Amino acid sequence: AYSSTSPPLVKGRQARAGGLAAMMTIRGYTPLRQTSIARTTSSSALRKFSGSKLRRARSRTTQRTFATLPDGIMLQGFHWESSTPDFRDPSQWPDGEVKSSWYETVRRRVEDIRETGFTDIWLPPPSESVAREGYLPTKLYNLDSAYGSYTQLRRLLRTLQAQGVGAVLDCVINHRCGDTQNETGKWVVYSDELAHDNKRLDWGPWALVSNHPDPDLAGTGAAKPQAHYEA
């Protein structure tokens, strides 16, 4: 999820916990005293640091920036197939009946996640997307996705907050895709149909480079001097 040019947000080792694919990561941004979590990944050490002791450590942080957050462990709360079957498409489910969204699956395990010692959870991309996995978003403010509904996402976030577990957003805004064709058939219209407090994100051909290798995706923006991303 991080490129070679991205800030060093996480570092650590792979593990498995609670049946979910997990990435155990140590945040190393502060001169804070190293905790048992930073020195070991044993389950006994994680349990010792969980609960009230962990909440007290987090509450002492007054500035909500990476530079001042205490050491912690982040769980990767999804994997590449978590969007399968698609929550929005009953035809992908056995007998055509949707059983449970991924958001609900994670929400039922939040207490276990907290008791295991995780301080944060990395959630999947929440926006409507061309790709089911969420990495080609279209309508950024439409939070009904293959992982579940907007309402279920809010319920998950409230549960995480109640348990003292932080939520990390995964959103690749520069991968945004047009959701509507223009008069010439090009997918260069980006609609924004949901009401929100910020400036609307109705984009058009001006938001796309004019020298895109696929003529159906070329817009009227400035030409891009670098090599194009192949996908």
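Residues numbered from 1 in each chain as written. Predicted model: local features only at pLDDT ≥ 70, side-chain atom pairs only at ≥ 80, totals over all residues. Heavy atoms only, no water.

1. A closer look at the overall build of the protein
Line of reasoning, step 1. Looking only at helices and strands, the protein features six helices and five strands.
Line of reasoning, step 2. Going from the N terminus to the C terminus, the protein shows its helices and strands as β-β-α-α-α-β-α-α-β-α-β.
Line of reasoning, step 3. In the protein, buried positions account for 39% of the 231 residues.
Line of reasoning, step 4. Contacts in the protein between residues at least 24 apart in sequence constitute 57% of all its contacts with a sequence separation of at least 6.
Line of reasoning, step 5. Only carbon and sulfur atoms are counted for the fraction: they give 53% of the accessible area of the protein, which is about 13600 Å². (Helix = DSSP H or I, 4+ residues; strand = E, 2+ residues; numbered from the N terminus. Buried < 20%, exposed > 50% of the residue type's maximum accessible area, 1.4 Å probe, protein only. Contact = heavy atoms within 4.5 Å. Areas by Shrake-Rupley, 256 points an atom, 1.4 Å probe, with all protein chains shown as cover.)

2. Some thoughts on the packing of aromatic side chains
Line of reasoning, step 1. Summed over all chains, the structure comprises six aromatic pairs.
Line of reasoning, step 2. Seen from their ring centres, Y103 and Y147 are 6.4 Å apart, and the 35° between their planes marks the pair as tilted. Note that Y103 is positioned in helix α4 (residues 102–107) and Y147 in the loop between β4 (120–122) and α6 (150–162), a separation of 44 residues in sequence.
Line of reasoning, step 3. Here Y103 falls in the buried class, since its relative accessible area comes to 1%.
Line of reasoning, step 4. The exposure class of Y147 is buried, given its relative accessible area of 1%.
Line of reasoning, step 5. An aromatic cluster of at least three residues, connected via ring pairs, comprises F78, Y103, W122 and Y147.
Line of reasoning, step 6. Above the plane of the ring of W203 lies R176, whose end atom (NZ or CZ) is 4.5 Å from the centre. (Phe/Tyr/Trp six-rings, centres within 6.5 Å; stacked < 30°, edge-to-face > 60°. Lys NZ or Arg CZ within 6 Å of the ring centre and 35° of its normal.)

3. Points about the side chain of R114
Line of reasoning, step 1. Within the secondary structure, R114 is located in helix α5 (residues 110–116).
Line of reasoning, step 2. Buried within the structure, R114 lacks any salt-bridge partner; its nearest side chain of opposite charge belongs to E115, at an N-O separation of 4.0 Å.
Line of reasoning, step 3. A polar side-chain atom of R114 sits 3.1 Å from a polar atom in the side chain of Q163. (Lys, Arg positive; Asp, Glu negative; His and termini not counted. Salt bridge = Lys/Arg side-chain N within 4 Å of Asp/Glu carboxyl O. Polar contact = N/O pair within 3.5 Å; in protein donor to acceptor, adjacent residues only side chain to side chain.)

4. Re the sheet that holds β4
The strands making up a sheet associate through hydrogen bonds between their backbones, and the pairing can be parallel or antiparallel.
Line of reasoning, step 1. Taken in spatial order, the three strands of this open sheet run β3-β4-β5, and their pairing is parallel. Of all strands in the sheet, those with a lone pairing partner are β3 (74–76) and β5 (166–168), marking the two edges. Sheet twist, expressed as the mean angle between neighbouring strand axes with direction ignored, is 25°.
Line of reasoning, step 2. Relative to β5, β4 runs parallel, the two being bridged by three bridges. Looking across to β5, one finds that D120 is bridged to G166. (Pairing = 2+ DSSP bridges. Axes fitted to C-alpha atoms, helices over the stretch in contact; angles between N-to-C directions.)

5. Quick word on the environment of A167
Line of reasoning, step 1. With respect to the helices and strands, A167 occurs in strand β5.
Line of reasoning, step 2. In this structure, A167 is in contact with I121, L123, L157 and L160, ignoring residues within four places of it in sequence.

6. Some words on empty space enclosed by the protein
Line of reasoning, step 1. For the structure on display, the rule yields one cavity of 30 Å³ or more.
Line of reasoning, step 2. Size it by volume and the largest cavity reaches roughly 30 Å³.
Line of reasoning, step 3. By residue class, the composition of the lining of the largest cavity is three nonpolar, four polar and three charged. (1 Å grid on protein atoms, 1.4 Å probe; cavity = no way out; pocket = protein on both sides within 12 Å on 5 of 7 lines; lining within 4 Å. Points joined across faces, edges and corners; volume = space filled by probe spheres on them. Nonpolar A, V, L, I, M, F, W, Y, C, P; charged D, E, K, R; others polar.)

7. Comments concerning the nonpolar core
Line of reasoning, step 1. Core analysis: the biggest nonpolar cluster contains 20 residues, and F78, V106, I113, I121, L123, L156 and L160 have the highest contact counts within it.
Line of reasoning, step 2. Among the elements of the structure, β3, α4, α5, β4 and α6 are those that each provide at least two residues to this core.
Line of reasoning, step 3. If sequence neighbours within four positions are ignored, I121 has contacts with M74, L75, G77, V106, I113, L160, V165, G166, A167 and V168. (Core = buried A, V, L, I, M, F, W, Y, C linked by side-chain atoms within 4.5 Å.)

8. A few points about the environment of T138
Line of reasoning, step 1. Along the polypeptide, T138 turns up in the loop between β4 and α6.
Line of reasoning, step 2. For T138, a relative accessible area of 3% puts it in the buried group.
Line of reasoning, step 3. Residues in contact with T138, not counting those within four places in the same chain, are E128, S129, V130, R176, C177, G178 and D179.

9. Overview of α6
Line of reasoning, step 1. The terminal C-alpha atoms of α6 lie 18 Å apart, and with 13 residues this matches the ideal 18 Å at 1.5 Å per residue to within 8%.
Line of reasoning, step 2. Those residues of α6 that are buried lie in contact with α4, α5, β4 and β5.
Line of reasoning, step 3. Just beyond α6, the residue with positive phi is G164, at close to 75°. (Expected span 1.5 Å × (residues − 1).)

10. Observations regarding unusual backbone geometry
Line of reasoning, step 1. In this structure, the amide linkage connecting T84 to the following residue, P85, adopts the cis form with an omega of -5°.
Line of reasoning, step 2. Secondary-structure assignment places P85 in the loop between β3 and α4.
Line of reasoning, step 3. Unusually for a residue other than glycine, D95 sits at a positive phi of about 65°.
Line of reasoning, step 4. Within the element layout of this structure, D95 appears in the loop between β3 and α4.

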